[in-house]
Amino acid sequence: MEFFIDLANKIFKPLINLGAPPMMLIILTILAICFGVKISKALEGGIKLAIALTGMGAVIGILTGQFAPALISFVKSTGIQLSITDVGWAPLATITWGSAYTLYFLMIVVILNIILLVINKTNTLDVDIFNIWHLSIIGLIVMYYSNDNLLLASLLVLLIGALKIINADLMKPTFNHLLNMKDTNPTTTTHLNFMLNPVIMIFDKFFDKFLPGLDKYDFDAATLNKKIGFWGSKFAIGVYLGTFVGVLGMQPVKTIFILAFTGGMCLELFSFVGTWFIGAVEPLSQGITNFMSKKLKGRKFNIGIDWPFLASRAEMWAVANILAPIMLFMAMVLPGNKILPLGGIIAIGLTPALLVVSRGKIIRMIITGVFMLPIFLWSGTAISGFVTETATAVGAFPAGLPEGTLITHATLEGPIEKFIAILVGQFGSEATIIRGLVLLIILTIYIALFVWYAKQMKKRNNEYELQNIEK
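As the structure is a computational prediction, the values presented were derived from the model and not from experiment.

Participant: Even after reading the chapter, I still don't get the packing of aromatic side chains, so can you show me in this structure?
Facilitator: How two aromatic rings sit relative to each other is given by the distance of their centres and the angle of their planes. A full pass over the atoms with the stated rule returns ten aromatic pairs. Seen from their ring centres, Phe 206 and Phe 207 are 6.2 Å apart, and the 70 degrees between their planes marks the pair as edge-to-face. Taking relative accessible area as the criterion, Phe 206 reaches 41% and is therefore assigned partly exposed. Here the aromatic residues Tyr 144, Tyr 145 and Phe 386 are joined through ring pairs into a cluster of three or more.

Participant: Explain the pattern of salt bridges to me, please; I cannot follow it from the model alone.
Facilitator: Pairing of side chains with opposite charge becomes possible as their charged atoms draw close. What the rule picks out here adds up to seven salt bridges. Of the charged contacts in the structure, one is a salt bridge between Asp 126 and Lys 164, with a shortest N-O distance of 3.8 Å. In this pair, Asp 126 is assigned in strand β2 (residues 124–126) and Lys 164 in helix α7 (residues 150–179), connecting sequence segments 38 residues apart. For Asp 204, the salt bridge identified is with Arg 364, shortest N-O distance 2.8 Å. Of the two residues, Asp 204 sits in helix α8 (residues 197–210) while Arg 364 sits in helix α14 (residues 362–382), which places them 160 residues apart along the sequence.

Participant: Can you walk me through the packing of α8 against helix α13 (residues 351–358) in this structure?
Facilitator: Between two packed helices, the angle of one axis relative to the other and the distance separating the axes together describe the packing. Two elements in contact, α8 and α13, have axes separated by 9 Å at closest approach and are oriented at 50 degrees. Here α8 lies oblique to α13, going by the angle between them. The crossing of α8 and α13 is right-handed. Residues Asn 197, Ile 200, Met 201 and Asp 204 of α8 pack against Ala 353, Leu 354, Val 356, Val 357 and Ser 358 of α13. A breakdown of the residues in the contact of α8 with α13 according to their chemical character gives six nonpolar, two polar and one charged.

Participant: I tried to follow α7 on my own but got confused; where do I start?
Facilitator: Count 3.6 residues to each turn of an α-helix, and residues three or four apart come out pointing the same way. Taking 1.5 Å of rise per residue, the 30 residues of α7 would be expected to cover 44 Å, and the 40 Å separating its terminal C-alpha atoms lies within 8% of that figure. Where burial is concerned, most of α7 is hidden: 22 out of the 30 residues are buried. By the N-cap criterion, in which a side-chain oxygen at the helix start approaches the backbone nitrogen of a residue two or three places on, α7 is capped by Asn 149, the distance to Leu 151 being 3.3 Å. Positive backbone phi, at 55 degrees, marks Asn 180, one or two positions downstream of α7.

Participant: What is the right way to look at unusual backbone geometry in this model?
Facilitator: Note: most residues except glycine have negative phi, and most peptide bonds are trans. Backbone geometry at Asn 147 places phi at a positive 60 degrees, although glycine is not the residue there. Structurally, Asn 147 is set in the loop between α6 (132–146) and α7. Of note, the phi angle at Asn 180 is positive, near 55 degrees, even though the residue is not glycine. Structurally, Asn 180 is set in the loop between α7 and β3 (187–188). Taking the relative accessible area as the measure of exposure, Asn 180 reaches 70% and is therefore exposed.

How each quantity is defined
- Residues numbered from 1 in each chain as written.
- Predicted model: local features only at pLDDT ≥ 70, side-chain atom pairs only at ≥ 80, totals over all residues.
- Heavy atoms only, no water.
- Phe/Tyr/Trp six-rings, centres within 6.5 Å; stacked < 30°, edge-to-face > 60°.
- Buried < 20%, exposed > 50% of the residue type's maximum accessible area, 1.4 Å probe, protein only.
- Salt bridge = Lys/Arg side-chain N within 4 Å of Asp/Glu carboxyl O.
- Helix = DSSP H or I, 4+ residues; strand = E, 2+ residues; numbered from the N terminus.
- Axes fitted to C-alpha atoms, helices over the stretch in contact; angles between N-to-C directions.
- Parallel < 35°, antiparallel > 145°, perpendicular 65-115°, else oblique.
- Left-handed = near helix turned anticlockwise from the far one by under 90°.
- Contact = heavy atoms within 4.5 Å.
- Nonpolar A, V, L, I, M, F, W, Y, C, P; charged D, E, K, R; others polar.
- Expected span 1.5 Å × (residues − 1).
- Polar contact = N/O pair within 3.5 Å; in protein donor to acceptor, adjacent residues only side chain to side chain.

Rendered as structure tokens:
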């Protein structure tokens, strides 16, 4: 195993050290050139993707950074004791990339992806290698609880990696529908947050069967804006949230205005920046189309990038803003939760999956989201010891926090997978019959639920095909 870990580090570490935007610039440019795109066009797409990633990260940082002091003030004024600090996703990515095992997990998932492509079990080539850190955390949790059992960690990473690559294919027609993309556009995503889709699908089917009239009262952001003007616009929704956070934190009037305007600005920018992702992939899209028609008899390839190409859908941000105060109040009363939501107060680990499964039905998204939030808070609480110890071990503990503080991320993607990783790790440390049976039952349910979800998505995709034929 040490040989493979060292090999992975030699291959990927120089690229990873550049950071996500430069890394994706290089990957997308080279990939496009390999598919016959002119160098200038390939470079144009790569630069656009790097700018989009930089812009999205900057906007999220502004929003969460501005809201955090007001939320801390609110909690202090109530006297509520929430001992775990929510540092958001960026520090956890840094912590994960500080482990040598992350590059090893990247290597085995890349090999897995190639095998699945060759044997025609997927049409998705995952180029979003920076976000392998989400899978790596799962593997590292297994090792943390199992006294460094790399074999068990590798098996779980490969299982979830295979499912999320297959899921990228399943979601592709829905992405086309939501974003009005052409079938020839290869944009999809293998991001771990969409592994919540099977659970969300249960709620969606419940609404279909028992509450079919609910959709009569639904709306999308565009329709709402037409009916009530700017009061339902993206920037207005952001203003409402900023004002609410400021009032909740008993901030001065000046600060409330700043928070309101910051919220409005960020929601407008989320939508604007989201469109850059799709444009960035256009040169590669044309290159793939030409290559497939000439070399592989028309077989389609999808390209898995990061999820923010969905950011142009205002429903996702509207629901995130509605869920933010709900999550804050929930955190204060939820048994077993010890997290004060700060860095994860805007639940981007949840709302993209809600959007895809419900196809933008806001009422469904909100109701389902309320039931999903506890899973995130419990998961974040459960892994806080692992996150804190790992951060200290790799020298990535956030500066400014008191020694002994537990850290985590309130809405970290893959909460269910984190619990499974803990169970696998505990089995690895002490393989009792009871633990083995519990783990077998949980994994069986997890895989069976995904298989059921896949059937539902295939039915949906067949409907899309019939609609395209009728057109």
